[in-house]
Amino acid sequence: MSDSNVLAAQVYLNAMFGGHPSWVSLDEDGITGIATMQGIVRAFQINNNVGGVTGSIGPLTIAKFKSLPTISKMNPSDPSSINVCLIQCALFCKGYAAGGITGIYYNAGEAAVKSYQSDAGLVDTGIINWKVWLGLLSLNWFKLTATGVPYIRAIQQNLNSDHSDVIGVIACDGEISRYTVLSLIGALQHEENVTTDLIVDLNTVNFGVATTNNFPSSLKKNQNGSSYIGYNKLAQYGLYFNGYDPGNFDGIFDATMEEKVSEFQTFYGLNNIGLVTDGEVNVSTMKSLLTSKGDTGRTSKACDCATVLTQTQAGNLVSAGYTHVGRYLTGYVGVGVRKYMTFEEISNINNAGLRVFPIYQDGGYSLEYFLDKNQGVKDAYLALNAADRIGVPDYSTIYFAVDFDCYKYQVDDYIIPYFEDINSIFDSEFNTNNYKVGVYGPRYVCQRLYELEYAEYSFVADMSSGFSCNLGYKLPSNWAFDQFYEYQFISSPSFDLDKDAYSGRDIGINSFEQRPYMTPQQMENDNFSVIVDNEVRDYVLKSANAFGVRDKFVAGELRTGVDIPLGSFNFGGISITFKARLEDQLSDHTDLCDGLTISLDNDGNLSTACNSRISEIESNIDISGLDSSKIGNLLRSISLSLKQGEIMLRYTPLSTQSWKIDFVIESGDLFPDNVSVDREIVIEYSLIFEISNLSNYNLNINYELVDDEHVKSIMAVFLVAIIVLWLLYQLAFGVFLLLLTDIDLLFEEED
């Protein structure tokens, strides 16, 4: 929403600094945003001769903040100050009533600064010092947001009050953020006197050796002297962020806090490994409170690795105290190095007495992997086949990986749909072993999928403490394994190993079912056969998605030569029967019209030739009441979804009031780069529809066009008929998913 005061600030800044070569003009829209705040910083740097005008707050700008004389309340007759104008602009952008952009720091400005200082947890002196500059020119917000939590805001204000000399002035909006969580470690270092200077970038802090060595021996009930209050407060903040409300943030270690510490230690698996004293906060407990990975030196019962274990390696793991090992069902690490379990390895693991928890990961290291809308379907089929192939017993949990730091919107838009598809396959007849879905990923991802009932158990990627989806989030309620440290395990040969905390929720596999022996090469061949089937399924799903019936094929068997009924519907006097049929190849071309060959350019857009053909089809359409460009948009959407192949049509008038339209898609070779594999699929969507009162619909179909001399016109008629059918079908059932949302009316009824 536009704000007149923010607009005034933008106008002032453009007018005052627009002539400077380093100035970047601001949009004068009255909306506070990153660009406007960067503009104020840039203006400060220009006005105060800060070396390097960047628009961001770094060491040089902070040094200038600190070197400036403080500004107290002025007299109305005092000369105007540009720096005061900048403070007034910043106050407006932070939602404080500064009175005007006058350059005179007087009553309204002083009251606004006091209000900011109070909101930020600072002493409300009204004096403009470096903390006022730092907070007001930052991107931080200091008022409670609509979704903010008052308790979190209280923690943020306390941190600023006690530790702003070192952590700076953090946001006080009640929203958990990476900087709020990282500030706890900076505050701890301040409490320990490990760090006394301002930490310019909180991303650089870590719970390292010095922080560990300077922590008190323990914090415990009734130990509330002045030297412990600050530590107790930080422990209280950490408890709250991990889901254990201590009741107060006053630094008093009472019975309630002791109880919450004990509950935290139990849930996080810190007890019974010689690490902590129940209800007391030693340095190991504090590490788990403030970082996701916790004390990396702690012992663990579980581990995971990408190494195919020999008998010696498996035995050495048991000797080191490990009871569970996470191993992969498929895939490689590096170039050509297998990471998946072999029958020999299974024998080695069983003989050593280890339990296994199976992991599926052939990607998932970045968002790009999940942009493929069918990735979950393909991964589910591969995982089910691989697990059954080696005898993973019934009801075992398979952990699917989300191995990158994602944002909340990415979880909603890509990760959740990925797991929806996995669950669709696992809930289908294809999961004959009743395997369960698990997730490997950051805390937020795991908890979200647990709440949606998409993951039975979580294997938490806590080793990546800097992940935004770990910072400030508690350990998910269904955690089974918690990965927290990677190191070189000494064996013959030595190998990389991840230490995992173990909750006992997933007891793992102690005995595999008997399966016919396969060599590693035979396993690879078997896996590739599923990959081939998956590429066929992927192409079918893309075509079905264009027609709005993807759900019919996600967990359905892809049988060729068999009609697949997709439903019969009635709408407005129109009866529609819809089915599909799959074939391995197109056996008869004689009754098909020339179609549309799909081709893309190097940027992934439709090629010039493909667009020209679509335009040609559009130009041949002469149907009263129909906007032919909408047909072109439909063809473009289908073509972009499929990316390759040919679209052809078979049109059969059954009577003056009914038609049969076969929409035939030929994929072409789905493995053009693999000379040993020649696989294609033909998908035929058949639609029979009958209009009981034809006179109500002005379609103007010319049956004389069914002639070899008029192939292009036939193509246009076929496409028009498809549009008629599918618009009515999608309107009736609310699943019109194509990119035609701007259509008002395609067909007009005659009076």
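You'll find the structure just up there.
Residues numbered from 1 in each chain as written. Predicted model: local features only at pLDDT ≥ 70, side-chain atom pairs only at ≥ 80, totals over all residues. Heavy atoms only, no water.

Draft legend 1. Representation of the overall build of the protein chain in the model. Along its length, the protein chain carries 23 helices and 16 strands. Here the protein chain holds 751 residues, and 53% of them are scored as buried. Here the contacts in the protein chain between residues at least 6 apart in sequence split such that 62% fall between residues at least 24 apart. Looking at the protein chain as shown, the accessible area adds up to about 32,000 Å², and 48% of this sits on carbon and sulfur atoms. (Helix = DSSP H or I, 4+ residues; strand = E, 2+ residues; numbered from the N terminus. Buried < 20%, exposed > 50% of the residue type's maximum accessible area, 1.4 Å probe, protein only. Contact = heavy atoms within 4.5 Å. Areas by Shrake-Rupley, 256 points an atom, 1.4 Å probe, with all protein chains shown as cover.)

Draft legend 2. Quick look at unusual backbone geometry. In this chain, S492 is followed by P493 through a cis amide linkage whose omega measures -5°. Located in the positive-phi region is E453, a residue other than glycine, with phi close to 60°.

Draft legend 3. Structural detail: the pattern of salt bridges. Applying the stated criterion across every chain yields a total of 22 salt bridges. Of the charged contacts, one joins K260 and E263 as a salt bridge, the two residues approaching to 3.6 Å between their closest N and O atoms. On the criterion of helical spacing, the pair formed by K260 and E263 is a turn pair, its members being 3 residues apart in helix α11 (residues 255-267). Where E456 meets K436, a salt bridge forms, and the shortest distance between an N and an O atom there is 4.0 Å. Of this pair, E456 sits in the loop between α18 (443-451) and β8 (457-461) while K436 sits in strand β7 (residues 436-441), placing them 20 residues apart in sequence. Judged by its relative accessible area of 36%, E456 is partly exposed. A single salt-bridge network, built from bridges that share partners, covers D372, K378, D538 and K542. (Salt bridge = Lys/Arg side-chain N within 4 Å of Asp/Glu carboxyl O.)

Draft legend 4. Looking closely at the layout of surface pockets. Approximately 1,300 Å³ is the volume found for the largest pocket. Along its surface, the largest pocket is lined by 49 residues, and N140, S177, R178, Y179 and T180 are the ones closest to its centre. Elements supplying a minimum of two residues to the lining of the largest pocket: α2 (34-47), α6 (130-137), α7 (150-167), α8 (178-191) and α10 (226-241). Per-element tally for the lining of the largest pocket: the top contributor is α2, with 4 residues. Tallied by class, residues from the lining of the largest pocket come to 28 nonpolar, 15 polar and 6 charged. (1 Å grid on protein atoms, 1.4 Å probe; cavity = no way out; pocket = protein on both sides within 12 Å on 5 of 7 lines; lining within 4 Å. Points joined across faces, edges and corners; volume = space filled by probe spheres on them. Nonpolar A, V, L, I, M, F, W, Y, C, P; charged D, E, K, R; others polar.)

Draft legend 5. Representation of helix α5 (residues 107-119). Between its first and last C-alpha atoms α5 spans 18 Å; for 13 residues at 1.5 Å apiece the expected length is 18 Å, and the two agree. All buried positions along α5 are accounted for by G109, E110, A112, V113, Y116, Q117 and D119. Residues of α5 that are buried in the fold lie against α4 (82-93), α6 and α7. Where α5 terminates, the next one or two residues include G121, which has phi positive at roughly 80°. (Expected span 1.5 Å × (residues − 1).)

Draft legend 6. Inspection of the packing of α2 against α6 at higher detail. Closest axis-to-axis distance for the α2/α6 pair is 9 Å, and the angle between their directions is 140°. The pairing of α2 with α6 is recorded here as oblique in orientation. Contacts between α2 and α6 involve M37, I40, V41 and F44 from the first element and W133, L136 and L137 from the second. Among the residues making up the contact of α2 with α6, the classes are represented as 7 nonpolar, no polar and no charged. (Axes fitted to C-alpha atoms, helices over the stretch in contact; angles between N-to-C directions. Parallel < 35°, antiparallel > 145°, perpendicular 65-115°, else oblique.)

Draft legend 7. Broad picture of the side chain of S667. Within the secondary structure, S667 is located in the loop between β15 (658-666) and β16 (682-691). A distance of 2.9 Å separates the side chain of S667 from the backbone nitrogen of I681, its partner in a polar contact. Ignoring anything within four residues of it in the chain, the contact list for S667 reads Y539, Q644, G645, E680 and I681. (Polar contact = N/O pair within 3.5 Å; in protein donor to acceptor, adjacent residues only side chain to side chain.)

Draft legend 8. Structural view of the nonpolar core. In terms of nonpolar packing, the biggest core is built from 144 residues, with M286, L317, F400, F419, F553 and Y685 touching the most fellow members. With 10 residues, helix α19 (residues 520-547) is the single largest residue contributor to this core. Those residues in contact with F553 that sit more than four places away from it in its chain are R537, V540, L541, A544, L558, I564, L566, A580 and Y685. In terms of nonpolar packing, the next biggest core, distinct from the first, is built from 48 residues, V41, C93, Y105 and Y116 among them. (Core = buried A, V, L, I, M, F, W, Y, C linked by side-chain atoms within 4.5 Å.)

Draft legend 9. Spatial organisation of empty space enclosed by the protein. Under the counting rule described, the total for this entry stands at 5 cavities of 30 Å³ or more. Roughly 120 Å³ of internal volume is contained in the largest cavity. Along the walls of the largest cavity sit 14 residues, with V181, L289, L290, N470 and G472 positioned nearest its centre. Elements with a contribution of two residues or more to the lining of the largest cavity: α8 and α12 (283-290). Per-element tally for the lining of the largest cavity: the top contributor is α12, with 3 residues. The residue inventory of the lining of the largest cavity, partitioned by class, reads 7 nonpolar, 6 polar and 1 charged.

Draft legend 10. Focus on the side chain of H324. Note that H324 resides in strand β2 (residues 324-328). A polar contact of 2.7 Å, which involves the side chain of H324, links it to the side chain of T323. In contact with H324, not counting residues within four places along its chain, are K301, A302, C303, L354, R355, F357, F481, Y502, D506, I507 and G508.

Draft legend 11. Geometry of the pairing of strand β6 (residues 397-401). Among the 5 residues that make up β6, 5 are buried, leaving the element largely enclosed by the rest of the structure. Direction of pairing for strand β5 (residues 355-360) relative to β6: parallel, over a ladder of 2 bridges. Paired with Y360 across the strands is F400, a residue of β6. In terms of strand pairing, β6 meets β7 through 5 bridges, oriented parallel. (Pairing = 2+ DSSP bridges.)

Draft legend 12. Geometry of the sheet that holds β6. An order of β1-β2-β5-β6-β7-β8-β9-β10 is seen for the 8 strands of this closed barrel, with the pairing classed as mixed. Direction aside, the axes of adjacent strands within the sheet are offset by 30° on average. Pairing geometry for β2 and β5, over 5 bridges, is parallel. The residue bridging H324 from the neighbouring strand is R355, located in β5.

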